[in-house]
Amino acid sequence: MTLSKLDQAALNAGIAVDFTNANGEQVRINDDTKRALLAVMNTPEGKTPPLPAVQVFAARARRQLTPQGKGEFRWQLLTEQGKGFSGTLQGGETLALPPRLPQGYHAFTLQQGKKQWSTRIIIAPSRCYLPEPLAQGEKRWGALVQLYTLRSENNWGIGDFGDLAQMLQHIAANGGDFVGLNPLHALYPAQPEHASPYSPTSRRWLNVLYIDVNQVAAFAQSQQAQRWWTLAATRKDVQAARATDFVDYRAVAALKITALRLAWQAFQPEADFQQFVAEGGDPLRFQAAFDGILAERAENNTHEWGWEKWPEAWRNAHQPEVLKWCAAHEDEIQFWSWLQWLAQQQFAACWQRSQQLGMAVGLYRDLAVGVAQHSAETWQDPQLYKLGASVGAPPDRLGPLGQNWALPPLDPHEMRARGYQPFIDLLRANMRDCGALRIDHVMALLRLWWIPYGETADKGAYVSYPVEELMAILALESQRHRCMVIGEDLGIVPPIIVRMMRSHGILSWKVLFFEQERDGRYRLPSAYARQSIASASTHDLPTLSGFWQAEDLALGEKLGMYRDSVLHDLQQQRTAQKQALLEALLQAGALPARQGKLTQKQPLTAALNVAMHRFLARTESALLGLQPEDWLGMTSPVNVPGTVDEYPNWRRKLSVTLEEMFANKAVKQVLKAVSDGRKEK
């Protein structure tokens, strides 16, 4: 079959011209979609250089280069460690790289007359890092926490880094090894209602609302701050924010930013802070400028959260008007930079505490799949992010129009042209001060569903990414940071991703609800893959109690999420799932044999909850992540996918404080059963 010029151009750019839908049918991408996506991409143009901008060599790969062209070239290789090599070769001749070239990033230069070309040589290990206890076959467990949901006697209405340190202490005391976190990425402190951790303004910086103000030395030292703190009105506002069942982001932000501005006036710049600013460079400076400009404009534009509605001369960080503002507002930039420093210092202290407690994993962070459309990152680097497109998911049975996540995609051609430095910087920012990194929607390393901006998700197409090279870099940074990698591979997963995750030592995700055979039977603990993390649920799924009581289906019906007979089918499926789960619990010995007469109508008692956790604890998965919501029997979800204003996503707190939770007898029984089960051979 002869391809049309349009199809050939699309394929050359990595745009798929068809795809297999959720029903197994082959669907053609329409021509308008191909043209629209081609128009927003930075596809390579002009004469092909003798060598590409980057060449990645994984372990055991043949390390050689073959420059294209005619005549003699002079080459130079400078290793990351500063060692140099040089020589000459003819165009088309293969050059074997020096033997024992170390892992890392090396600079290779070709020269012919006055012309010169540079390429980055990346030598990567074969697999990601794995902590020694896990490599020796030990199985560990931990808590999966949405940090903002934590209640405590000291926080200001939102879980913070002080609560995280306390959580680590409790988990370690109960035999656990880690606390897994939602993305901690920077959001919008001046517009705090935009609270989704998966639609950040930047994935390189932290959410400053997680700062524990009580720990900030300048706050304690400032007389003005302490006078404000002792005001009856201040204490009343803090108590009100602490008492709500859902995070009142506006109240929390007003309290914390007020307190921190007062503390800033008393802060004496330290060498550590100055070094942090110097190392942060332009990315930190423009992040701080974005926060400062947004705070200034938010006083009169209460709903303006990104740069889309800023004056045109302000819609790019490098415009003269923006630079002029920066020069005139140095103190404001320093203030927002200081908040990033405080957040980083407090998070690093949590990591150090986990290591003092002897945790092998300690903390794991979550890397969101992208940034919001009009975020600080797209403001700084519009060439890297393609604002003419958004990523999402193609249509399926539950979402006939697909999903549009309103996140602009990274351009794979631009990333490659930059030697993958943006990807490397992203990994380094998120692998610091933690023992594991969860990659949200790990399939994005292979392909993403691009949707022309302004279109519905059914008008999209898959765009491929250089998965072999991205995974090689992931393994290299993982080893360097001693940070293991977990891939969120739920949903329809291409077989190549499954194979590559396995070969690169990336842990898969196994959710109890989904671990069923084709005949409906639940897989027994012995069937769970060792190279995985098991969990009962995730932030996008119902809690255990919500699942058992079908509260998620009732909520979905209330929100009008189901069409035709979908709800009836889901209710019937849930009945069968519950009965199958009971049978699996009995077969695995998680429930005593005398409980064999239980049916799916059985309420989720404390004993049954312990049995479910005991079942999970006995899985062969190297890691087990458990949600506090399930220890407490909570039914309301933290997020309902597909909703925006219909449900208060990313706001629901835990039902009790940390102090109360770990003193609770039922919670203690659950955690003891888990800790004992993990030790079983």
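Residues numbered from 1 in each chain as written. Predicted model: local features only at pLDDT ≥ 70, side-chain atom pairs only at ≥ 80, totals over all residues. Heavy atoms only, no water.

The name that an unreviewed UniProt entry assigns to the protein chain is 4-alpha-glucanotransferase, with the source organism given as Pantoea rodasii. What UniProt records for the protein chain under Catalytic activity (unreviewed entry) is the sentence "Transfers a segment of a (1->4)-alpha-D-glucan to a new position in an acceptor, which may be glucose or a (1->4)-alpha-D-glucan." Checking UniProt for the protein chain, the heading Sequence similarities (unreviewed entry) contains the comment "Belongs to the disproportionating enzyme family." (UniProt positions renumbered as here; feature names shortened; annotations may be inferred.)

## As for the overall build of the protein chain
On a plain count of helices and strands, the protein chain comes out with 23 helices and 23 strands. Taking 681 residues into account, the globule formula puts the C-alpha radius of gyration at 26 Å, and the protein chain, at 26 Å, falls close to it. Counting only C-alpha atoms and orienting by the principal axes, one finds that the protein chain spans roughly 80 × 65 × 50 Å. In the protein chain, once contacts between residues fewer than 6 apart in sequence are set aside, the share between residues at least 24 apart is 72%. If you sum the accessible surface of the protein chain, you get close to 29700 Å²; carbon and sulfur atoms cover 49% of it. For the protein chain, the distance from the average position of its 71 positive side-chain charges to the average position of its 69 negative side-chain charges is 6 Å. (Helix = DSSP H or I, 4+ residues; strand = E, 2+ residues; numbered from the N terminus. Rg over C-alpha atoms; globule rule 2.2 N^0.38 Å. Contact = heavy atoms within 4.5 Å. Areas by Shrake-Rupley, 256 points an atom, 1.4 Å probe, with all protein chains shown as cover. Lys, Arg positive; Asp, Glu negative; His and termini not counted. Charge placed at Lys NZ, Arg CZ, Asp CG, Glu CD.)

## Quick word on the nonpolar core
Core analysis: the biggest nonpolar cluster contains 203 residues, and Met 167, Trp 338 and Trp 631 have the highest contact counts within it. Those residues in contact with Met 167 that lie beyond four places of it in its chain are Ala 143, Val 145, Leu 150, Val 179, Pro 628, Trp 631, Leu 658, Met 661 and Phe 662. By size, the runner-up hydrophobic cluster in this structure holds 14 residues, among which are Phe 57, Leu 89, Leu 95 and Phe 108. (Core = buried A, V, L, I, M, F, W, Y, C linked by side-chain atoms within 4.5 Å. Buried < 20%, exposed > 50% of the residue type's maximum accessible area, 1.4 Å probe, protein only.)

## Structural notes on the packing of helix 15 (residues 467-481) against helix 16 (residues 495-503)
Between helix 15 and helix 16, the shortest axis-to-axis distance is 11 Å and the interhelical angle comes to 25 degrees. The angle between helix 15 and helix 16 places the two elements in the roughly parallel class. In terms of crossing hand, the pair formed by helix 15 and helix 16 is right-handed. Only Ile 497, Met 500 and Met 501 of helix 16 make contact with helix 15, whose side of the interface consists of Val 467, Glu 468 and Met 471. Taken together, the residues that form the contact of helix 15 with helix 16 break down as five nonpolar, no polar and one charged. (Axes fitted to C-alpha atoms, helices over the stretch in contact; angles between N-to-C directions. Parallel < 35°, antiparallel > 145°, perpendicular 65-115°, else oblique. Left-handed = near helix turned anticlockwise from the far one by under 90°. Nonpolar A, V, L, I, M, F, W, Y, C, P; charged D, E, K, R; others polar.)

## Regarding unusual backbone geometry
The backbone phi angle of Tyr 420 is positive, close to 65 degrees, even though this residue is not glycine. Relative to the helices and strands, Tyr 420 is located in the loop between helix 13 (412-417) and helix 14 (421-431). A relative accessible area of 0% means that Tyr 420 is categorised as buried. Of note, the phi angle at Arg 482 is positive, near 50 degrees, even though the residue is not glycine. Relative to the assigned elements, Arg 482 resides in the loop between helix 15 and strand 20 (484-487). On the basis of relative accessibility, which here comes to 54%, the residue Arg 482 falls in the exposed class.

## Observations regarding the environment of Arg 100
For Arg 100, the location among the structural elements is in the loop between strand 7 (95-96) and strand 8 (104-112). Between the C-alpha atoms of Arg 100 and Cys 434, which are 334 residues apart in sequence, the distance is 30 Å.

## Describing the sheet that holds strand 15 (residues 389-393)
Strand order in the open sheet made by the four strands is 16-15-18-19, with antiparallel pairing throughout. Pairing within the sheet leaves two strands with one partner each, and these edge strands are strand 16 (403-407) and strand 19 (461-464). On average, each strand axis in the sheet is tilted by 50 degrees relative to the strand beside it, whichever way the strands run. The pairing of strand 15 with strand 18 (residues 447-452) spans four bridges and is antiparallel. Its bridge partner lying in strand 18, Ser 390 is registered against Ile 451. (Pairing = 2+ DSSP bridges.)

## Describing the UniProt feature "domain: MalQ N-terminal beta-sandwich" (unreviewed entry) in the protein chain
The positions UniProt marks with the feature "domain: MalQ N-terminal beta-sandwich" (unreviewed entry) are residues 51-125. Taken end to end, residues 51-125 is 0% helix and 53% strand, and its two terminal C-alpha atoms sit 23 Å from one another.

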